[in-house]
Amino acid sequence: MLSEPMPQIGTSDNPFEGVFDGNGHSINDLVLENSSLFYDLAGTVKNLTLSGVRLANFDYPTLYPIASRVGYSHTTGEGDEATTTTSAGSLYNCYVNGDLYIYRSPYSMIPEMYVSGICGRVQHGSKVKDCYFKGSINASSLTVDGKEVKNTTAGIESGLANTYLYASGISTIVADAC
């Protein structure tokens, strides 16, 4: 187990474009610094298991254990000079086990909470194959002293005031996926 939160791999300007082969190994009790292990995935992640994933930062309540976005797009220039490039990514034989917990800080100005078992968005011809999430998705709002005051589980009407929970087992959004 890592003593410090794991930083995200890749950014919106520099997506992960290589191959990450977990070789059938499991990363247990992973604490993520941001919403996912990979931010923009334009490469391949395969043969990876994550168990006991937790989120360290509650200011932006989003949790997609493996990847925020599978597939990448970047626009340069403006108006008629704008050029957009896209790249597909892929997830194969990836598993997430255990319960996922997402909390919205009382200081957060963002009313939405997004969580899925595998990834956030699948786009630009990207592929997700032979992947699964096994566990439950739990969402909570915290009081100032950190104690739960209201909570919900995916599939049950939210008791969180002015909070919208978007939950899914695999991906919250699939756009142009094959």
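Note that this is a predicted model, so its numbers are computed, not measured.

(A) Seen up close, the overall build of the protein chain. A tally of regular secondary structure across the protein chain gives zero helices and 20 strands. The burial tally for the protein chain puts 38% of its 178 residues in the buried class. Long-range pairs, those at least 24 residues apart, make up 74% of the contacts in the protein chain between residues at least 6 apart in sequence.

(B) Looking closely at the pattern of salt bridges. Considering all chains together, one arrives at one salt bridge under this definition. One salt bridge in this structure joins R69 and D40, with 2.6 Å as the shortest N-O distance. Of this pair, R69 sits in strand β8 (residues 67-70) while D40 sits in strand β4 (residues 38-41); the two residues are 29 residues apart in sequence, bridging distant segments of the chain. The class for R69 is partly exposed, based on a relative accessible area of 26%.

(C) Structural detail: the packing of aromatic side chains. Taken as a whole, this structure holds three aromatic pairs when the rule is applied. Plain terms: the ring middles of F16 and F38 are 5.1 Å apart, the flat faces sit at 55° to each other, and that makes the pair tilted. In this pair, F16 sits in the segment before β1 (19-21) while F38 sits in strand β4, placing the two residues 22 residues apart along the sequence. Across the pair, exposure class does not vary: F16 and F38 are buried alike. When the ring of Y95 is compared with that of Y132, the centres are 4.4 Å apart and the planes differ by 45°; the resulting orientation is tilted. Of this pair, Y95 sits in strand β11 (residues 90-97) while Y132 sits in strand β16 (residues 132-134), and the two are 37 residues apart along the sequence. Taking relative accessible area as the criterion, Y95 reaches 23% and is therefore assigned partly exposed. Three or more aromatic residues link up through ring pairs in this structure, and these residues are F16, F20 and F38.

(D) Focus on the nonpolar core. The biggest cluster of nonpolar side chains holds 28 residues, and the ones touching the most others in it are I66 and L91. When contributions to this core are tallied by element, the ones reaching two or more residues are β4, β5 (44-51), β8, β11, β12 (100-104), β13 (112-116) and β14 (119-122). Among all residues touching L91, those that are not within four sequence positions of it are L41, V45, I66, V70, I118, C119, K127, V128, K129 and C131.

What counts and how
- Residues numbered from 1 in each chain as written.
- Predicted model: local features only at pLDDT ≥ 70, side-chain atom pairs only at ≥ 80, totals over all residues.
- Heavy atoms only, no water.
- Helix = DSSP H or I, 4+ residues; strand = E, 2+ residues; numbered from the N terminus.
- Buried < 20%, exposed > 50% of the residue type's maximum accessible area, 1.4 Å probe, protein only.
- Contact = heavy atoms within 4.5 Å.
- Salt bridge = Lys/Arg side-chain N within 4 Å of Asp/Glu carboxyl O.
- Phe/Tyr/Trp six-rings, centres within 6.5 Å; stacked < 30°, edge-to-face > 60°.
- Core = buried A, V, L, I, M, F, W, Y, C linked by side-chain atoms within 4.5 Å.

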